Amino acid sequence: MIGVLALQGDVREHFAALTAAGATPRQVRRPEELAEVEALVIPGGESTTMSKLAVIFGLLGPLRERVRAGMPVYGTCAGMIMLADKILDGRDDQETIGGIDMIVRRNAFGRQNESFEARVDIEGIDGGPVEGVFIRAPWVESVGGDAEVLATFDGHTVAVRQGNVLATSFHPELTGDHRVHKLFVDLVRAAG
């Protein structure tokens, strides 16, 4: 059972992608719901709003604990920002869950009207490039020694993995191509 953080963002689309990838998704809004899932997806949305709501719902501490304990997590766009150990261009009061030794720049690819789609080759995914939807997307400025770069676009890192934690700056859940979610589901199964 894989939870989808359902505080804000594109929850429904992740439900569909996870189901297509062979998982059973469940909404997570409260600490007791987080305790009942094996893994978690943090969707795209607005990272500052997500951060504030995680604090209000009492989830930030339990999320940090579960990630440190090895729970598999996959974050897209704002989810990538939430999984970064450090963010650039964030609000002063913005908090993250952490989990990947990386520095992420918010809205790095531009504003809403500069959103775009692009084909991205991701290490570990067969069948050719994945269609990535970049909506006010971040990019990774730098990674630490334990983080592995899985994909770049236009010279910028857009997919990263560190142990059981995976993050993409784009939205594969919006394309109908569920290979990234399948990669995550396989990671969850391997984590046991």
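Residues numbered from 1 in each chain as written. Predicted model: local features only at pLDDT ≥ 70, side-chain atom pairs only at ≥ 80, totals over all residues. Heavy atoms only, no water.

The name recorded for the protein in an unreviewed UniProt entry is Pyridoxal 5'-phosphate synthase subunit PdxT, from Streptomyces melanosporofaciens. In its Subunit (unreviewed entry) section, UniProt records this for the protein: "In the presence of PdxS, forms a dodecamer of heterodimers. Only shows activity in the heterodimer." The Pathway (unreviewed entry) field of the UniProt record for the protein holds the comment "Cofactor biosynthesis; pyridoxal 5'-phosphate biosynthesis." (UniProt positions renumbered as here; feature names shortened; annotations may be inferred.)

**Quick word on the overall build of the protein**
A tally of regular secondary structure across the protein gives 6 helices and 12 strands. The C-alpha radius of gyration computed for the protein amounts to 15 Å, which stays within 12% of the reference 16 Å derived for 192 residues, consistent with globular compactness. Its C-alpha atoms put the protein at 40 × 40 × 35 Å along the principal axes. Within the protein, the fraction of its 192 residues that count as buried is 50%. Expressed as a percentage of contacts within the protein between residues at least 6 apart in sequence, the contacts between residues at least 24 apart total 66%. Where the 19 positive side-chain charges of the protein centre and where its 27 negative ones centre are 5 Å apart. (Helix = DSSP H or I, 4+ residues; strand = E, 2+ residues; numbered from the N terminus. Rg over C-alpha atoms; globule rule 2.2 N^0.38 Å. Buried < 20%, exposed > 50% of the residue type's maximum accessible area, 1.4 Å probe, protein only. Contact = heavy atoms within 4.5 Å. Lys, Arg positive; Asp, Glu negative; His and termini not counted. Charge placed at Lys NZ, Arg CZ, Asp CG, Glu CD.)

**A word on the pairing of strand β12 (residues 165-168)**
Residue alternation in β12 divides its side chains into two sets, V165 and A167 and L166 and T168, and both sets are buried. Two elements, strand β4 (residues 73-76) and β12, share 4 bridges in a ladder whose sense is parallel. Bridging from a neighbouring strand, G75 pairs with A167 of β12. Hairpin remark: strand β11 (residues 156-162) followed by β12, antiparallel, with 2 residues in the connecting loop; positive phi at G163, about 60 degrees. (Pairing = 2+ DSSP bridges.)

**What about helix α6 (residues 179-191)?**
Each α-helix winds once per 3.6 residues, and so residues spaced three or four apart point in a common direction. With 13 residues, α6 should reach 18 Å at 1.5 Å per residue; the first-to-last C-alpha distance of 18 Å fits that figure. Among all positions in α6, only V180, H181, F184, V185, L187 and V188 are buried. Along the axis of α6, the buried positions cluster into a sector of 155 degrees, meaning they face one direction only. Just downstream of α6 lies G192, where phi reads positive at about 75 degrees. (Expected span 1.5 Å × (residues − 1). Arc of directions from axis to C-beta.)

**Describing the pattern of salt bridges**
The tally for this structure, following the rule as stated, stands at 10 salt bridges. Between R26 and E36 there is a salt bridge; the shortest N-O distance is 2.3 Å. Taken together, the residues span a long stretch of sequence, with R26 in strand β2 (residues 25-28) and E36 in the loop between α2 (31-34) and β3 (39-42) at a distance of 10 residues. Take R26: its relative accessible area is 29%, and that puts it in the partly exposed class. The shortest N-O distance in the salt bridge between E95 and R64 comes to 3.0 Å. (Salt bridge = Lys/Arg side-chain N within 4 Å of Asp/Glu carboxyl O.)

**Re the nonpolar core**
Ranked by size, the top nonpolar core spans 31 residues in total, and within it L5, L34, L40, I42, L59, M102 and V104 carry the most contacts. Mapped onto this core, the elements with two or more residues apiece are β3, α3 (47-56), α4 (60-68), α5 (78-83), β5 (84-88), β6 (100-105) and β12. Of all the elements, α5 adds the most residues to this core, at 5 residues. In this structure L59 touches L5, L7, V28, R29, R30, P31, L34 and A54, once residues within four positions along its chain are discounted. In this structure, V11, A137, W139 and L150 belong to the second largest nonpolar core, which totals 30 residues. (Core = buried A, V, L, I, M, F, W, Y, C linked by side-chain atoms within 4.5 Å.)

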